[in-house]
Amino acid sequence: MLKFLKCLLAIPLFFSFTLVFSQQNRMIDSLKRELSKAIKLEDKVSLLDLISRSLMNGNMEEAERYGKELILLAEKSRDRKQMVRAQLSNAVRCSYFASTGDYSARAMQYFETAKKIAAENKLYNYQVFGLLKQSALQLSLLNNEKASSFLDQAISVAINIKDDSVHVQIQLTGGDVHIAKNEKIEALRSYLSALRLAEKMKNAFLQRESYTKLSTFYSNIEDYDRAIDYFTLAYNKLDELKTGNAVYQKVIDINGLGGLYAQKKDYEMAIKYYEDALKMADSLRYANLEMPVYISLLNVYI
């Protein structure tokens, strides 16, 4: 029976794999069409950023080409804000593959260029963003002390910034650094501080990010009920986000909730969430969303 279930689950998984690249290509083609019609510089920068990062999963050479096109466009405009955005976009894109080849070094170089332009033009929010992303990059490479150093620099720059969203991001990154150092109490304090500030701002995006961090924190210490509570709060915040991908993120979140129930060993609830995620993914006709759910289901039965 178990062998039959594995085979049964593998069948839709196989067909999902065959659909992924064609669907991804359709999405990227759609973005390219939007780019060809874009007039505003800010819109072109945003679309080039999205295209280059999306291509990184399937066509790294083309991703590089669009990344360079983004930098060239921004440089020609001489708009310092867009120049910083272009550098940060390439930095984040390269950081996806930080453990491969020279991508880590390239990401750091882009980050340094972005920070230099931002500092010279008093674009301090972007400077802090770059520092926090550098901290996250170093955490992914297990360089905890370097990550802590970049965080400290971000805190120093942010002292005179009145934008509370910057300070939420600092607290969230601080929590991540504390986790890496196995400083659980300090991490929890940072995440809760971020949440309080995000709730004070009534910023749904930052509230969701804070809830997600807290859910991960509690799942790591095997307090799965609290993890599920916070993840459910994060999921509910999607209804307040005015973004086009919220409906897709819902599928990912429902799959994530199923995963938390599976960790709790409540497999009946886990399967119910996985089934709900599959129904939503099927209605969206997007195989990329179905594959992780099939894998989750397969893990339950193995």
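For the structure itself, consult the block above.
Residues numbered from 1 in each chain as written. Predicted model: local features only at pLDDT ≥ 70, side-chain atom pairs only at ≥ 80, totals over all residues. Heavy atoms only, no water.

1. Overview of the pattern of salt bridges
Link 1 in the chain: Using the criterion set out here, one finds 15 salt bridges in the structure.
Link 2 in the chain: K32 is the partner of E62 in a salt bridge, and the nearest nitrogen-oxygen pair spans 2.7 Å. With a gap of 30 residues between them, E62 in helix 3 (residues 60-77) and K32 in helix 1 (residues 2-37) connect regions that are remote in the sequence.
Link 3 in the chain: Of the residues examined, E62 reaches a relative accessible area of 15% and is grouped as buried.
Link 4 in the chain: Exposure remark for K32: the relative accessible area of 24% places this residue in the partly exposed category. (Salt bridge = Lys/Arg side-chain N within 4 Å of Asp/Glu carboxyl O. Helix = DSSP H or I, 4+ residues; strand = E, 2+ residues; numbered from the N terminus. Buried < 20%, exposed > 50% of the residue type's maximum accessible area, 1.4 Å probe, protein only.)

2. Examining helix 9 (residues 184-201)
Link 1 in the chain: An ideal rise of 1.5 Å per residue puts 26 Å on 18 residues; helix 9 measures up with 26 Å between its terminal C-alpha atoms.
Link 2 in the chain: Where helix 9 is buried, its residues contact helix 8 (164-180), helix 10 (204-220) and helix 11 (224-236).
Link 3 in the chain: Looking one or two places after helix 9, you find K202, whose phi comes out positive at around 60 degrees. (Expected span 1.5 Å × (residues − 1). Contact = heavy atoms within 4.5 Å.)

3. Some words on the environment of A91
Link 1 in the chain: Residue placement: A91 occurs in helix 4 (residues 80-95).
Link 2 in the chain: Among the residues examined, A91 registers a relative accessible area of 0% and is labelled buried.
Link 3 in the chain: Taking the C-alpha atoms as reference, A91 lies 9.2 Å from E112; in sequence the two are 21 residues apart.
Link 4 in the chain: Not counting the four nearest positions on each side in its chain, A91 is found in contact with A107, Y110 and F111.

4. Some words on the side chain of D253
Link 1 in the chain: Looking at the element boundaries, D253 is found in helix 12 (residues 246-263).
Link 2 in the chain: On the basis of relative accessible area, D253 is assigned to the buried category, the value being 2%.

5. Examining unusual backbone geometry
A negative phi holds for most residues other than glycine; trans holds for most peptide bonds.
Link 1 in the chain: Even without being a glycine, K202 presents a positive backbone phi close to 60 degrees.
Link 2 in the chain: By the secondary structure assignment, K202 is in the loop between helix 9 and helix 10.
Link 3 in the chain: With a phi close to 70 degrees, K265 is a non-glycine residue in the positive phi region.
Link 4 in the chain: Inspection of the secondary structure assignment puts K265 in the loop between helix 12 and helix 13 (267-284).

6. Structural notes on the nonpolar core
Link 1 in the chain: The biggest cluster of nonpolar side chains holds 45 residues, and the ones touching the most others in it are I51, F111, V128 and I170.
Link 2 in the chain: Of all the elements in the fold, those that place two or more residues in this core are helix 1, helix 2 (41-55), helix 3, helix 4, helix 5 (103-120), helix 6 (124-140), helix 7 (144-158) and helix 8.
Link 3 in the chain: Ranked by residues supplied to this core, first place goes to helix 5 with 8 residues.
Link 4 in the chain: In this view, V128 contacts A154, V157, A158, I161, V166 and I170; residues no more than four positions away in its chain are not counted.
Link 5 in the chain: Grouped together as the second largest cluster of nonpolar side chains are 39 residues, V168, L195, F231 and Y261 included. (Core = buried A, V, L, I, M, F, W, Y, C linked by side-chain atoms within 4.5 Å.)

7. Some details on the environment of V300
Link 1 in the chain: Considering the arrangement of structural elements, one finds V300 in helix 14 (residues 287-301).
Link 2 in the chain: Each C-alpha atom, one on V300 and one on S283, is 23 Å from the other, the two residues being 17 residues apart in sequence.
Link 3 in the chain: Those residues within four positions of V300 in sequence are excluded, and the remaining contacts are Y267, I271 and Y274.

8. Structural notes on the packing of aromatic side chains
Link 1 in the chain: Applying the stated criterion to the full structure yields 6 aromatic pairs.
Link 2 in the chain: Aromatic side chains Y191 and F217 sit 6.5 Å apart centroid to centroid with 70 degrees between the ring planes, which places their arrangement in the edge-to-face category. Of this pair, Y191 sits in helix 9 while F217 sits in helix 10, placing them 26 residues apart in sequence. Both residues of the pair, Y191 and F217, belong to the buried class.
Link 3 in the chain: Arranged with centres 5.4 Å apart and planes meeting at 15 degrees, the rings of Y261 and Y273 form a pair that is stacked. Remark: Y273 occurs in helix 13 and Y261 occurs in helix 12; sequence separation between them is 12 residues.
Link 4 in the chain: Each member of the aromatic cluster is reached from another via a ring pair, and the members are Y191, Y211, F217, Y218 and Y230. (Phe/Tyr/Trp six-rings, centres within 6.5 Å; stacked < 30°, edge-to-face > 60°.)

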